[in-house]
Structure formats: structure tokens, C-alpha cells
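# Close look at the chain arrangement
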Number of protein chains: 2
Amino acid sequence: MQLSVQTAGSPPTSLILGPGAPVMVFDVGGTDLKYGVVDSTGRFAHQGTTPTARASQGEFLDQLSRLVAIYRAEPPERRPQAIAVNAPGIVDASTGVVVSAVNLGWTDFALSSALEARVGLPVVLGNDVQVAGLAEHRLGAAKGLRNALVLVIGTGIASAVILDGEVYDGDGYAGEIGHARMEPLTSTTAIPCTCGASGCLQTVSSASAIARNYSAVSGIAVVGAKEVMEAAAAGDAAAVGVLDQAYDGLALAIAQSVALLAPQAVIFGGGLSNAGDALLVPVADRLDSILSFHRRPLLLPARFGSSAGLLGGAVQARQLLCKERPAGGRQTPSPWRD
Amino acid sequence: MQLSVQTAGSPPTSLILGPGAPVMVFDVGGTDLKYGVVDSTGRFAHQGTTPTARASQGEFLDQLSRLVAIYRAEPPERRPQAIAVNAPGIVDASTGVVVSAVNLGWTDFALSSALEARVGLPVVLGNDVQVAGLAEHRLGAAKGLRNALVLVIGTGIASAVILDGEVYDGDGYAGEIGHARMEPLTSTTAIPCTCGASGCLQTVSSASAIARNYSAVSGIAVVGAKEVMEAAAAGDAAAVGVLDQAYDGLALAIAQSVALLAPQAVIFGGGLSNAGDALLVPVADRLDSILSFHRRPLLLPARFGSSAGLLGGAVQARQLLCKERPAGGRQTPSPWRD
């Protein structure tokens, strides 16, 4: 089975990565566990999805160990030499610890070392959004840029902040643009957010907020933002109002990021970005109208859809192996070699 | 003459830097040119202020060259081996070019190379706010922190963004938090900013905005924010209202930065920070009320006042000399040695 990589404006392809070590990637969601094995040519030799084992951390580690064991029986060109795990929530990549993943009930879970102990392979842990941003930076829409903001707009809104060519993670706490308050403190209309605060960007601009806010205003039940965009295109005033608010919020949040960080590009990923120009053009127009001397970023669609995590994880896992064995000779003792 | 370094909560001191190469620093303002010579013990051996030569770039370079020539006649322990120039505006530190300094009428001024050619010493160029932030990070309130935001609140509001232990400058465009729009796009009360945009943070929260907005509301002319804070303390409702708006703006801007970057501390510098807890406590209270799961930063007063630029420049100039002569042998040819 090969991974179908969704690319905006170009046909799906399965060869984005180049030759290198075979690696295995796990993209952990609250519901599903996606996984893939990249072979030595850079192709996804195997790929699959299975329900995430959620009963306990031990069961989850067992699940991953079993999957790794299956692929370690493959020939060398497809036998994983390193593992990447992308987890949701607050992840301290430097220590390999999931600090907090509410959807999975994990707190201070030392996932990297626990999995390494079970499978005997090096493991790199990353935050799912930041790893997807890494894929866009190394291989996708932000390729070649030093500074970029990768937005993932779906049920919530999160971002990967790429600065001076690296993902900046703020010890796992950075990138939470969906939980940046947009409303003035005196606002009487700030919408309560699931995080406990009010007026967060994602209360007006996420795909789910667009659907929910339209239903609240119109009384019409919808399942997603796509229906709201279709209703707006057909002249539905309530839909236009809800989308205006969503686009206003995105433009405002981007303008603030532009003032502080001056990204060369803002990349739009996540489900809402499937709207393409119907999303990018109104946000760009608003952004243009509120910036002055600032360095204006390119607004671009993400290249990779839901495959970004597997691709970014593969980059991370291969990078981990390079770190273990630097070109000029080993610099730190590695438990993985010799 | 020795430089009096203002420190919050501790007596002024003139020995903040350690032993190292003697260097000279210029802190260029639209009105005044401040300069200092740090000797080999780390003391400011000389320090002075003179009106900035503004007639032309050539005259400005002549002014700096004359001052350098004076101190090159000093004994070796006080003879500058490198020069730091801190300029306002958009500065590309990597190329040594002032991209734009409106107050000085400079555009694409290759200051570093022009001054190097005249004085025959290595020159490092930096943005004044970012160099002040560097001083706070290396020597002051943000010492030992990996990630911090240093706010400079005076006539305007600017910031130095310290990420993973380095000042992030976004090719010279980063840190412009004073020109981050705070008002929703639909706001009818967004105040026009000098930058051409509206609703920027500094239209409500800078020291000059506090004075100006109070005068507009009360009809009472004041020269600075201090008078407004005194009036508020005495129960003046107009002053309380203007300060509420200023503190709300700062808390909102900080909350947004916290969501995106998760700084470990926010350092308050610039004239308004002289208010101390009268500023920090109301901002901290507001910030606490609008954050949820976010990593909450320490709010701290800057250690250095107007001396931060000279100190940070001295760090940069000494660092430049180290780069010219790496410990493991020279890595790039240097025109300055041998």
C-alpha cells in the first residue's frame, strides 16, 4: 500500500522524500493511530490506520511495539531504523515527554524513552501540528523560507512557528494561535472557548466554530463550514456574517503575528484550507487593509493534507539517525549503534 | 567619566560586563548620539552624548570617525578593537544595512561597511531595541532564560523577541508589537496610528498615548503618563479610564504573544516601566484573567534603563571579535587581524 499524498494544485504523489534510512512514523490522534513506513528510496512502503489504544499508556506502547515488530521483519530496505511519534497536546520534544494530551488523558508521559526501551530503536517525539509544519517547511509550501507560520485550521486552530529555518516550540507551549484572545478585554460578545478562556481565535475562525456559530444565528443545523460557505455564496446573510467574523479574526491574528515575527509566508492547512481561494482571498484582502509598513507575508495553501504528519515524522526520524552519527564522526555516545 | 547604569531595585553600578576586549558603542537616536568606550576590565572608561549629525550620511560617518579617532589614541586597555552601532528603524543586522530609519531619513544605508572602510575596525550594526533586549538577556532581567519578550514602552512601543537564547530579528522586521493591531476589524473606535494603520497597541498603551488620550478626554494638558497615573491615583475618573484602556491593551498583546511564543518572562523597559508595580500589577492581573492553559510568563521590570543600548552594543562588539577569531582557529578569513 502506498500513501496518497494530497497536494494542492498538483496530482497526488508518493515520492516526496528522497533516498535515506527506512523509518517508521506514528501520527497519534485521539481516535485514530496513523502509521507509515518509509523505505530507503523515500517511498511509503506501508501505511495504515487503526483505532488508538487508549485504555492505558502501557496498552498504547504495546500497540506501537506490535506494529514496529511487524515491520522489523521486512527486508533491510524497508526495515525501520528509527521511529517518529507525533502526539497531540503539549509535547516537550527535547525530553521526549508528552506534558499534557487532554484527548488521550496523558500527563507527563515519557513516551520516547518508554518506546525505545520496548523496541530497541531510537524514537523522536514531536507535536503533531509542529511536525506537520516541519513537513511544509522542508518539503512543501514553505520550502526555502527562513520564517513562516503554518496554520492548521480544523476543529481547532493551531500553528507551527518556523523561525530562522527551525520549528520554534517554546518547550512545547508555542504555536497556540487558536487560543490567542482576539477580543478586547471590555468586549461583551467574547465567546467562551473550550480552553476555559473567552474570545480565543478559534471561537470564531475554526471550521467547527463557523458551523456552530452559523447554526446559532440561523437556526439551521449544518455539519461543517463548507455548507456555510455554500450558503454565503448563495447570498445567505447569516452565513456571510459568520464568515466575515471568521475571516476578520484570522486577518487580525495574522496581522499581530506579522508585527511580532514578520513571517515571509503564512501557510493555510487543515480542513478549512480545502476551501482554497474562497478562504485565502478574503483573508488576504483584510490583512492588506490593516497592515502599514509591516513586511507582508505571502498567503499560501499547504501542500500536504492529512499526510503532512507522516512526512514530517519521517524527516524527523531520519534526522535523528543523522544526529546519532554525525558526518565528522560521532560526537556523543549512541546506544543505538555498534 | 563612568556610565551610571540604572538598575531596578539595586544601586547603580558601572561594572556589569566582565574583562574582555576594549570596544566602542554608538547608540544613535534621531536627536542624540550616545557613545561609550568599554575598557578591558569591563568598565565604561568613557561615555558621552552629542547631537546626532543629520545633514547627510557622510556627515554622520564623519562624526563617528572623529569620535573613534579620539579613543584610538588611548592606551591599549582603553583602545577600541571593535565598534557597535545601534540604529533605530528597520535594521538588517546580518548585512549591516539600515533598511529604513524614518527619523533619520535613511534608506538602505550600508552603515557597517561604510564605517569599517573609514575607521579600519570591525563594525557590528544592530537595531536599538533589539540590542537593548540583548543586554537584558545576557546581563539583566532575562538572564538565564531561553525565551523572553522585552518590551520598550515610551513614545512608541517596540520589543525584542528572544527565542532559544538568541534575539530573533526577522530580517529586521520583527518585534513591532507596538504596531500590532489590537482592535477588531469592525471597531469604530480604533485610533489612527502614526504608521498609517489604526488600532495599533501604541495608540492606547504607549506613554505618549496615555498622555495624549487623557488630554483628549479631560481637556487637561499633561506632558507625560506620570501625571495621568498620579491623577488616577487621586481618583480622576478620566485618568482611570485611559489607564484601564492602556493596561487592557498591554495585557491583550502579551496574551497573544504568550499563545504564539510562550515566553518565560516579559520584561518591561522604556520610560513607562519607571512606574514599576503601578504598571506591572494591573497588567499582570488582567493577563491572569484572560489566560487559561497557557504557560504564564513572569512579568519583570527591565534591569537597565537608557544604558541598555550601550551595554548590549558592548556585548555585540566583543562577540564580533570572538567570531573573527574562533577558539578552534579562524574559520573565515578576517580583514581585521594579522
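Preceding this section is the structure that the text describes.
Computed from a prediction, not measured in an experiment: that's the story for all the values here. (Residues numbered from 1 in each chain as written. Chains lettered and ligands numbered in written order. Predicted model: local features only at pLDDT ≥ 70, side-chain atom pairs only at ≥ 80, totals over all residues. Heavy atoms only, no water.)

A separate point is the overall build of chain A. For chain A, the count of helices and strands is 9 helices and 15 strands. Relative to its length of 338 residues, chain A is compact, with a C-alpha radius of gyration of 21 Å against a globular reference of 20 Å. Expressed along its principal axes, the backbone C-alpha trace of chain A runs to roughly 65 × 45 × 40 Å. Burial statistics for chain A: of 338 residues in total, 58% are counted as buried. Contacts in chain A between residues at least 24 apart in sequence constitute 61% of all its contacts with a sequence separation of at least 6. (Helix = DSSP H or I, 4+ residues; strand = E, 2+ residues; numbered from the N terminus. Rg over C-alpha atoms; globule rule 2.2 N^0.38 Å. Buried < 20%, exposed > 50% of the residue type's maximum accessible area, 1.4 Å probe, protein only. Contact = heavy atoms within 4.5 Å.)

It is worth spelling out the sheet that holds strand E9 (residues 106-109) of chain A at this point. Residue and element names in this part refer to chain A. The strand order across the open sheet built from 3 strands is E7-E8-E9, with neighbouring strands paired in antiparallel fashion. Two strands bound the open sheet, and with one partner strand each, they are strand E7 (90-92) and E9. This sheet shows a mean twist of 15° between the axes of neighbouring strands, independent of strand direction. Where E7 meets strand E8 (residues 97-101), 3 bridges bridge the pair, whose relative direction is antiparallel. Bridged to Ile 90 within E8 is Ser 100. (Pairing = 2+ DSSP bridges. Axes fitted to C-alpha atoms, helices over the stretch in contact; angles between N-to-C directions.)

Here we take up the interface of chain A and chain B. On the chain B side, the residues contacting the 42 residues of chain A number 42 residues. Buried area between chain A and chain B, summed over both chains or domains, comes out near 3,600 Å², and the portion from carbon and sulfur atoms is 66%. Inspection of the region where chain A meets chain B yields 2 salt bridges. Its salt-bridge partner being Arg 295 of chain A, residue Asp 171 of chain B comes within 2.7 Å of it at the nearest N-O pair. Our count for the chain A to chain B interface comes out at 16 residue pairs in polar contact (both at pLDDT 80 or more). Per-element tally for the side of chain A that touches chain B: the top contributor is helix H7 (residues 237-261) of chain A, with 8 residues. For the side of chain A that touches chain B, the class distribution of residues is 22 nonpolar, 11 polar and 9 charged. (Buried area = accessible area lost by both parts, 1.4 Å probe. Salt bridge = Lys/Arg side-chain N within 4 Å of Asp/Glu carboxyl O. Polar contact = N/O pair within 3.5 Å; in protein donor to acceptor, adjacent residues only side chain to side chain. Nonpolar A, V, L, I, M, F, W, Y, C, P; charged D, E, K, R; others polar.)

The description of an aromatic ring pair rests on the distance of the ring centres and on the angle between the ring planes. All names here are of chain A. For the structure shown, the criterion picks out 10 aromatic pairs over all chains. Centroid distance Phe 26 to Tyr 35: 6.4 Å. Interplanar angle 45°. Geometry classified as tilted. In this pair, the class of Phe 26 matches that of Tyr 35, namely buried. Centroid distance Phe 60 to Phe 109: 6.5 Å. Interplanar angle 75°. Geometry classified as edge-to-face. Of this pair, Phe 60 sits in helix H1 (residues 57-72) while Phe 109 sits in strand E9, and the two are 49 residues apart along the sequence. (Phe/Tyr/Trp six-rings, centres within 6.5 Å; stacked < 30°, edge-to-face > 60°.)

In terms of nonpolar packing, the biggest core is built from 94 residues, with Leu 261, Phe 268 and Val 283 of chain A together with Leu 261, Phe 268, Leu 279 and Val 283 of chain B touching the most fellow members. If we skip the residues at most four places from it in the chain, Phe 268 of chain B touches Leu 151, Ile 153, Ile 254, Ser 273, Leu 279, Leu 280, Val 283, Leu 299, Leu 300, Pro 301 and Ala 302 of chain B. (Core = buried A, V, L, I, M, F, W, Y, C linked by side-chain atoms within 4.5 Å.)

Attention shifts here to the relation of the copies chain A and chain B. Expressed as a screw transformation, the operator carrying chain A onto chain B has a rotation angle of 180° and an axial translation of 0.0 Å, and the superposed copies differ by an RMSD of 0.0 Å. Read as a symmetry element, the transformation amounts to a two-fold axis. Mapped onto chain B, 100% of the interface residues of chain A are again interface residues, and the two copies thus contact each other with one and the same surface. (Least-squares fit on C-alpha atoms with pLDDT ≥ 70 in both.)

Now for the state of the cysteines. Scanning the entire structure with this criterion turns up 0 disulfides over all chains. Considering cysteine sulfurs only, Cys 200 of chain A is the nearest to Cys 195 of chain A, which forms no disulfide, with 3.8 Å between them. (Disulfide = S-S within 2.5 Å.)

Moving on, we get to the pairing of strand E4 (residues 32-38) of chain A. All names here are of chain A. With 6 of its 7 residues buried, E4 lies for the most part within the structure. Sheet topology places strand E3 (residues 23-28) next to E4; 6 bridges connect them, and they run antiparallel. Across the sheet, Val 28 pairs through a bridge with Leu 33, a residue of E4. The hairpin formed by E3 and E4 contains 3 residues between the paired strands. Here E4 runs beside strand E5 (residues 44-51); their pairing, made up of 7 bridges, is antiparallel. Bridging across to E5, Val 37 finds its partner in His 46. In this structure, the hairpin formed by E4 and E5 is closed by a connection of 5 residues, where Gly 42 is found at a positive phi of approximately 100°.

Residues and elements named next belong to chain B. Pairing is antiparallel across the open sheet formed by 3 strands, whose spatial order is E7-E8-E9. Each end of this open sheet is capped by a strand with a single partner; those strands are strand E7 (90-92) and strand E9 (106-109). The average undirected angle you get between the axes of adjacent strands in this sheet is 15°. When strand E8 (residues 97-101) meets E9, the two strands line up antiparallel, connected through 3 bridges. Following the sheet pairing, Val 98 is matched in E9 by Phe 109.

Our next topic: unusual backbone geometry. Residues and elements named next belong to chain A. One non-glycine residue with positive phi stands out, namely Ala 262, at about 50°. Counting through the fold element by element, Ala 262 comes out in the loop between H7 and strand E14 (265-269). Residue classification places Ala 262 among the buried residues on the basis of a relative accessible area of 1%.

Residue and element names in this part refer to chain B. With 16 residues, helix H1 (residues 57-72) extends 22 Å from end C-alpha to end C-alpha; this agrees with the ideal 22 Å at 1.5 Å per step. Among the residues making up H1, those that are buried are Phe 60, Leu 61, Gln 63, Leu 64, Ser 65, Leu 67, Val 68 and Tyr 71. On its buried side, H1 packs onto strand E3 (23-28), strand E4 (32-38), strand E5 (44-51), strand E6 (83-87), E9 and helix H2 (111-119). (Expected span 1.5 Å × (residues − 1).)

This paragraph deals with the side chain of Gln 63 of chain A. Residues and elements named next belong to chain A. Along the chain, the position of Gln 63 falls in helix H1. Polar contacts involving the side chain of Gln 63 include one to the main-chain amide nitrogen of Ala 53, which spans 2.9 Å. If we skip the residues at most four places from it in the chain, Gln 63 touches Leu 33, Thr 50, Pro 51, Thr 52 and Ala 53.

Let's shift gears to the pairing of strand E15 (residues 298-301) of chain B. Residues and elements named next belong to chain B. In the sheet, strand E14 (residues 265-269) pairs with E15 via 4 bridges, with the strands oriented parallel. When the bridges of E15 are listed, Phe 268 appears paired with Pro 301. Crossover E14 to E15 through helix H8 (residues 277-290) is right-handed. (Right-handed = clockwise from strand over helix to strand, strands pointing away.)

A full pass over the atoms with the stated rule returns 4 cavities of 30 Å³ or more. Here the largest cavity defines a volume of roughly 130 Å³. As for the largest cavity, its lining consists of 16 residues, and the residues nearest its centre are Gln 256 and Ser 257 of chain A together with Gln 256, Ser 257 and Leu 260 of chain B. When contributions to the lining of the largest cavity are tallied by element, the ones reaching two or more residues are H7 of chain A together with helix H7 (237-261) of chain B. (1 Å grid on protein atoms, 1.4 Å probe; cavity = no way out; pocket = protein on both sides within 12 Å on 5 of 7 lines; lining within 4 Å. Points joined across faces, edges and corners; volume = space filled by probe spheres on them.)

Limitation: the analysis is restricted to geometry and does not speak to function.
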